[in-house]
Each structure stands twice: as C-alpha cells, then as structure tokens.
Amino acid sequence: MNYQELSQQILALIGGKENVQNVTHCATRLRFNLVEESVADVEGLKETKGVMGVVSKGGQFQIIIGSDVGNVFKEIAKEVDVKMDAQEKDDRKPLAKVIDTITGIFTPILPAITAAGMLKAVLSVLVVFQVLTVESQSYQILNFMADAAFYFLPILLAASSAQKFKTNMYLAMMLGGILLHPNFVAMVNEVKETGAGLHLFQLPIMPVSYSSSVIPIILAVWCMSFVEPIADKVSPKAIKFFSKPLIVIAVVGTLSLVVLGPLGYLVSDAISNGISTLESVSPWIVPLLIGAFTPLFVATGTHYGLVPIGINNRMTIGYDSVIYPGMLASNVSQGAAAIGVGLKTKDATIKQLAFSAGLTGLFGITEPALYGVNLRFKTPLYAAMIGGGVGGLFMGMMRVKNFTGGSPGLLTLPSYIGDNSLSHFYMACIGAAIAIAVTFIATLVLYKDAATVAAAPVEETNEGTKETDGTLVLSPLKGQVQTLRSIEDGMFSEEILGQGVAIQPQEGKVVAPFDGTVTAIFDSKHAIGITSDAGVELLIHVGIDTVQLNGEGYEYAVAKDQRITSGQDLLHFDLEGIQAKGYQTITPVVVTNTNEMGDILSTHEGPIHFSEEIIKVIK
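About the cut-offs
- Residues numbered from 1 in each chain as written.
- Predicted model: local features only at pLDDT ≥ 70, side-chain atom pairs only at ≥ 80, totals over all residues.
- Heavy atoms only, no water.
- UniProt positions renumbered as here; feature names shortened; annotations may be inferred.
- pLDDT = per-residue confidence, 0-100.
- Contact = heavy atoms within 4.5 Å.
- Helix = DSSP H or I, 4+ residues; strand = E, 2+ residues; numbered from the N terminus.
- Polar contact = N/O pair within 3.5 Å; in protein donor to acceptor, adjacent residues only side chain to side chain.
- Salt bridge = Lys/Arg side-chain N within 4 Å of Asp/Glu carboxyl O.

- Going by the annotation in an unreviewed UniProt entry, the name recorded for the chain is PTS system sucrose-specific EIIBCA component, with Enterococcus canis given as the source organism.
- UniProt's Subcellular location (unreviewed entry) comment on the chain is quoted here verbatim: "Cell membrane".

Laid out in structure tokens, this is it:
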C-alpha cells in the first residue's frame, strides 16, 4: 500500500487540509474533526482502495483503515497541522461534543495505560507462579515501572487534554505536576493524621490525593483553556513572555487546588460509589448490556466514551467490574463470529478474510471483524451480540473484576489477576469461553453463504417460473456477467461495499435497471448511485480506478435527484478510449444497502443484454 498516495486521496475527498480542524487515530481509524462535514465525499472515500469504511458519529468523521492506520496518519500529519489554534464555529449537539472530547482526551494515552496494565498483569503471573516474590527487588522495580503510568496519569491526561482544548501543553502538564508534587502529598498526609486544616491565603484546600485521578486534571485544563486567552489579552506586550504563564498558573493552579480538584474528586468518588451500589444490587445488568451492544457502540464510534468509566473505577476502587468484563465478552464474540463464518463459508476469499479478522477480534481489535465480516453479513453480528450478552451476563453474575485494563481480549486475560487470587482470572476465562462458544454455535446456525443461496433452484409451476417477493434489478449494461470476485479491487471483490455482480461491457452505455431516483453523481462521472422505489440502493461503477480519469470519456444523461424509469439512459462512456488509457472497464453493480436486505440473488451468468433480469433482491 502506498501510504502517501492514500493519505493524499483521503485529504482530497474530505475537502482538503483546510477543511481539517484536527485529526487523531486509534487502532484502526483516522478520526477527523472537520470544519464542514458536508463537504466530504463519503461515497468517494468508500470507493477508495485502502479504506474499509466511513463512520460519522459522536462529533467525529471516522475513516476505517485497519492495521495500517498509523502509517497513513503519519503521512496525513505531514500535510495537516494537528495542533491548529484556529477556533471554528461548532454547531454539533452537546452530546456529540462531549463524546468527541472524551475520545480525543483518552485515545492518545491508551498505549501508556495498556503498557502499564499488561506489565502489571505479567508481574501478577510471575508472583502467582512464584517466579518472583513481592519482597524481591526485581518485583519492586517492575512494579514501580508499571505504576508510573497510573500514578502520573494526571500528567498524561494534561498533555492530551491540552491538545483537545487547544491550550499550552507544558503549562497543562505543570498543573498535573502541582497536583502530584511530593510536598503537597506530604502536607495532605500530615493534615489527615493531625486533623488540622490546609489553606492557601485563607482559602481552604481539601486534603485529598490526586495520583491516578482522572477528572480533576481534565477540569483544570478545561478551565485553563479559558484563562489563557484572557491572560494573553491583559499582559503587556513587553512582558508577555513571562506575565502570561505566570497569570495562568497562579489563577488556574489556585483554582485547581481549591475548587476544581476537590470537585473532580467528588465526582469521581460519586461514580465509584454508584458503581459499587449497582454491583451490590444488580451486578449483571451493565456487563450484559455492554457485552451485547458494544458492536453498535464501535460501529458508531462511541465506545471510547465507556473507557474513562472503566479507568476511573480502577483508579478509585482498585478494579472495574462493569465496563471491561462486558467489553471482553463482546470482543471475543466478534472474533468468534468471524471465525464461524470462515469455517462455514465455501467462498475462499471470504474464508481468508474471516479467519484473519476473527483472530484479531479474539485479541481485542474488532474493527476488521465487525466491518469486514459481521456487519457485512448481518447474521454474524446478531450471533456476536447474543454471545457477548451471555458472556457479559455470566461475568456480571460472578462479579468478575478487571484490575489493570488493556485492550479487552484473550491477550489481556492476565489483567483479571488481582486480590491475591486467580479466581477473577478463572471466571474471566470461563466467561470468554462461554461468549466464544455461544457466538460460534449461533453463527453456524444463522449464517448462510450467499453463494449457496444464489445457487438455490427456482421453483417451477405449471404456469412457469414461480416468483418470490422482491425487487428485480435489470441489467444496466450489455456484456458478460461475472462474479464480483473476478474484480481486482478488494472493495468490490470482498463485497465490502455490498453484494452484486460484475459486468464486462460491450457497449458504452448505462441504462436504468429499475424505476427510481438518482441519489449520487460524481465529479469524475465514472459511477452513479440510484435508489429503487422499493428502497434498493444500487451503485454502478464503470471501470476500476477510473476516478483518476477525472471525467474524461464519461458523460451523465441524468442529474442528481432526477426521477428515472427502467431502461432510461443514465450514463455514456467511451469504452475503447478508457481501455486505450490502460484502465479496466469491468463494471461492478452493487447493492450498497445489502445489510438492510434479506438475500441478494444473482439470476444470470454469461452474455446479457440491456434490461434482462440480473439480480433479485429479497427483503
């Protein structure tokens, strides 16, 4: 994959770098904040080789790349200033803003939290199997190495919060250092022992510790984002270099110790107390819901809103029993569903994709399984939700505790070792096994190979062929019908955009395959999107990589939103001219809302003429 070329294509399709407010990435996605989201060419992005999908949820425009996302991000970062200071008008809803803020703050620090959590898990295993003792120097050194990310979490969060709130990162990190300074910690401990008060110029300071805390520093940096512009405005230009940071730290540092820190501590404490109460009354409810519905959270990009709750639980009460156990059940179920598809399908391409995506899903990275297999075929998604719910229910009933976090999956099962016991680890293993088994069985029962369905015979009657309820798609081209697998483009051959057929055209004309409406046209004129009166969304994509012709050799015969009737001319193209330029003219005809349909049946092979039956869509 040419990362530089892909990054340039992405930037062009989202409206150029000037349309980018900020961009980050997670394990599989580029996460953009766009100035004008309507400018982005969603269909063009979905057609771009190297892009697995596009999601616009939670205030972010997310482009799913897969495991190569880090390399693509590096190329985009060369073109886009990810620390832009320009303040653009934000018309998003409050909930979208909150989700976007949480995601933007926590996503950058996840590698450090994951590393610390896994090191803790390894250390726990070494102690349980008596390789090390807690008194040994090796244990103590490894332990403080692992504790570093947790203890200094406010400083890590200060850096990511400063980027999100567009304020000075180093002053923000200084605020984190104020909350964690050894002298302040010593004063707090002394006050707790003696019962005396703690004051700053008669202003009372609550004697609490902020190590491993989450909310106090986020509130402090958020406050700083308002104070800093004021400090900049009131500081004389001649002394602004030192007066501005002085004002910021004096004001925000004081507010952090007197107001914001205690407020954040109380909020964190309230959340942990609420979780404890829920755990004592109905510990199974939240893990059940998270186990069942996390795939939908991931699909909408809102799952990162749950991560801070799990982190806060571990930081305040020492463990998380509601978020991570449910996510563990959900993630392994996603992997199991994909593997189930791989075992049952007879399609070699789907089999290879399903096994690869399923393995990464079992290990905690679910996007390839979700977008490449489960959402695509629907029934594996249902199976994963069933299995995830059952696994989450079991772990909730057993009150399974996660102690160190990490990406929920089989590799992070050691993160359930704690309380000087292996019981939570054993129960997490059993819960994961239950989720995998239930999902796998449900997938084998529910999943039907599309190739097998398409090959099913049509029942004959005395009156001729017996029709089933559905929408007939007539051929928009004259030529030779082939399978999508014959196309040298993974977006089509792997049916990521949807199911359908391919046609090798013999004439440079595309006609309407049904009555409906033109719903998508492109500047490059190489494709057209139409929707039938029954709701079938069809993409006709003339040629492979022909978007690079920039419209040369193509001409629309209709306009967007125009009403069309079956057989009406939609598009004309220079068949010989396109081939002469070295481009393949094989044309995918794809039902892009396959997930909303029941079966997509190919009804023709070999030579075909205009308006002959080619696909039957059954809802």
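Quick look at the confidence of the model for the chain
So, point 1. Residues of the chain with pLDDT of at least 70 account for 89%, and the chain-wide mean is 83.
So, point 2. Confidence drops under a pLDDT of 50 for residues 83-89, and excluding neighbours within four residues, the segment shows nine contacts in the predicted structure.
So, point 3. Considering only residues more than four positions removed or in separate chains, one finds that residues 451-468, a stretch of pLDDT under 50, has 15 contacts.

A short note on the side chain of Ser 160
So, point 1. For Ser 160, the location among the structural elements is in helix H7 (residues 153-165).
So, point 2. At a separation of 2.8 Å, a polar atom in the side chain of Ser 160 contacts the main-chain carbonyl oxygen of Ile 105.
So, point 3. Among the polar contacts made by the side chain of Ser 160, one reaches the main-chain carbonyl oxygen of Leu 157 at a distance of 3.2 Å.
So, point 4. Not counting residues up to four positions away in its chain, the partners in contact with Ser 160 are Gly 104, Ile 105, Pro 108 and Ile 109.

Let's talk about the pattern of salt bridges
So, point 1. Counted by the stated rule, this structure contains nine salt bridges.
So, point 2. When the shortest N-O distance is used, the salt bridge between Asp 232 and Lys 240 registers 3.6 Å.
So, point 3. Across the pair Lys 525 and Glu 555 runs a salt bridge whose closest N-O atoms are separated by 3.7 Å. Placement of Lys 525 in the loop between strand S13 (516-521) and strand S14 (527-532) and of Glu 555 in strand S16 (residues 554-556) is noted, with a sequence separation of 30 residues between them.
So, point 4. Via salt bridges that share partners, Glu 228, Asp 232, Lys 240 and Lys 244 belong to a single interconnected network.

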